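So the chains spell out like this:
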Amino acid sequence: MKLKRKKRWLAAFSLALCLGLLVTGCGSSGGGGAAPAAGSEKPSEPAGGSQPAEGGAKSGGTDSSAAEKVYVVGTDAAYPPFEQVEPDGKITGFDMDVIQAVADAAGFKVEKKHTGWDGVFDGIDKGTVDIGISTITITDDRKKKYDFSDPYFETNQLILLPEDSTVTKLEDLKGKKIGVQSATTGEFIVQEAFGKAYEGLKGYDDLPGAVDDFFNKRLDAVVADDGVMIYYATKIAGKKYKTLKDTSFPAEYYGIMVKKGNQELLDKINQGIKTIKDNGKLEELRKQYFEK
């Protein structure tokens, strides 16, 4: 039994030795170097792929850590024809087409979000919104807190009145009930004329609420931007009304708003505005929405 065990052990040892020599020979073949470890091979550079694309992303999209910046655009999408939410959830309107044209011209990407009016300003303050565009009139008070682009649209305040009204100017509305959208220049103008504590002034979260109350005889007048006012009034079939432009109202200008001190983004926006003014795109959009 011992002899048989010894022979078996010698046979096993010989076999293992042979296998070891065989494996060593295979591993050193093919140029005498060891095979590279998995994943250590340097990937080949695509043609022109070593330079980052605009916005920091590498061409080819292979570097997710350097993805191109997408700027969040906040708007109050209850203000057609400037901005509104379609049934499918898409935000459309003049302002939305303008900011998209500006972004395309200046070479940056945007994501549009319906934040509500106050949400535009709060979002800029908190950093959840990069760009605000929502028929925002450029005023000295607003410029103290935010930076504005060059103007892209001129507007005036209008007064919505009953068709048989004898009112010829804002001052004639003293003692009357006047509706405005809160925190807009329409509200500022009425407050300037009659005081901030004027009891006849009623602020609304959105303009449609004020227009609806006017046609239901809960208001004597509404003061708002001309383009939006006319849009809402003409949508209400069979109603009799007129609009009045008080010659004392100064012209107003809409601008695109960013966080105070964000000069890099502001420069991009102004570059885009200049481009679409020069190439006629801005005028094309104005005619599309306001000369139908």
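Structure first, text after, so check above.
Keep in mind that this is a model prediction, so the values were computed, not measured. (Residues numbered from 1 in each chain as written. Predicted model: local features only at pLDDT ≥ 70, side-chain atom pairs only at ≥ 80, totals over all residues. Heavy atoms only, no water.)

Draft legend 1. Structural detail: the overall build of the protein chain. Regarding its fold elements, the protein chain presents nine helices and 15 strands. Buried residues in the protein chain amount to 40% of all 292 residues. At a minimum sequence separation of 6, the contacts of the protein chain that also span at least 24 residues come to 69%. Carbon and sulfur atoms make up 53% of the accessible area of the protein chain, which totals about 17,100 Å². (Helix = DSSP H or I, 4+ residues; strand = E, 2+ residues; numbered from the N terminus. Buried < 20%, exposed > 50% of the residue type's maximum accessible area, 1.4 Å probe, protein only. Contact = heavy atoms within 4.5 Å. Areas by Shrake-Rupley, 256 points an atom, 1.4 Å probe, with all protein chains shown as cover.)

Draft legend 2. Inspection of the environment of Gln181 at higher detail. Within the secondary structure, Gln181 sits in strand S10 (residues 178-181). Residue classification places Gln181 among the buried residues on the basis of a relative accessible area of 2%. C-alpha separation for the pair Gln181 and Val211, spaced 30 residues apart in sequence, amounts to 10.0 Å. With near-sequence residues (within four places) excluded, Gln181 lies in contact with Asp76, Tyr79, Trp117, Glu187, Tyr204, Asp205, Asp206 and Leu207. Of the polar contacts made by the side chain of Gln181, one reaches the side chain of Asp76; its length is 3.3 Å. (Polar contact = N/O pair within 3.5 Å; in protein donor to acceptor, adjacent residues only side chain to side chain.)

Draft legend 3. View of helix H5 (residues 185-194). Of all 10 residues that make up H5, seven are buried, and the element is covered over most of its length. Among all positions in H5, only Thr185, Gly186, Glu187, Ile189, Val190, Gln191 and Phe194 are buried. In this structure, the buried side of H5 is in contact with helix H4 (140-145), strand S9 (157-162), S10, strand S11 (201-204), strand S12 (221-225) and strand S14 (252-254).

Draft legend 4. Broad picture of the pattern of salt bridges. A full pass over the atoms with the stated rule returns 14 salt bridges. Here Asp130 ties to Lys69 by a salt bridge, and the two come within 3.8 Å at their closest N and O atoms. Taken together, the residues Asp130 in the loop between helix H3 (117-126) and strand S6 (131-132) and Lys69 in the loop between helix H1 (2-27) and strand S1 (70-75) connect sequence positions 61 residues apart. Assessed through its relative accessible area of 16%, Asp130 is described here as buried. Residue class for Lys69 comes out partly exposed when judged on its relative accessible area of 39%. The residue Asp140 makes a salt bridge to Lys143 at a minimum N-O spacing of 3.9 Å. (Salt bridge = Lys/Arg side-chain N within 4 Å of Asp/Glu carboxyl O.)

Draft legend 5. Representation of the sheet that holds S9. In spatial order, the strands read S11-S10-S12-S9-S13; together these five strands make up an open sheet with mixed pairing. Every interior strand has two partners, whereas the edge strands, S11 and strand S13 (241-244), have only one. Each strand of the sheet is rotated relative to its neighbour by a mean of 30°, with strand direction disregarded. The sheet contact formed by S10 and S11 spans four bridges and is parallel. Within S11, the position partnered with Gly179 by the bridge is Lys202. Helix H6 (residues 207-215) rests against S9, S10, S11, S12 and S13 of the sheet, and its axis sits at about 150° to S12. (Pairing = 2+ DSSP bridges. Axes fitted to C-alpha atoms, helices over the stretch in contact; angles between N-to-C directions.)

Draft legend 6. Spatial organisation of the nonpolar core. Membership of the largest hydrophobic core comes to 46 residues, with the highest contact counts inside it found for Phe94, Val98, Phe108, Ile131, Tyr152, Leu207 and Ile269. Those elements that place two or more of their residues in this core are S1, helix H2 (94-106), S9, H6, S12, helix H7 (226-235), helix H8 (263-278) and helix H9 (281-290). Top element by residues in this core is H2. It accounts for eight residues. Residues contacting Ile269, with those up to four places away along its chain left out, are Val102, Phe108, Ile131, Ser149, Ile256 and Val258. Counting 16 residues, the second largest nonpolar core, distinct from the first, contains Val167, Ile178, Val180 and Ala221. (Core = buried A, V, L, I, M, F, W, Y, C linked by side-chain atoms within 4.5 Å.)

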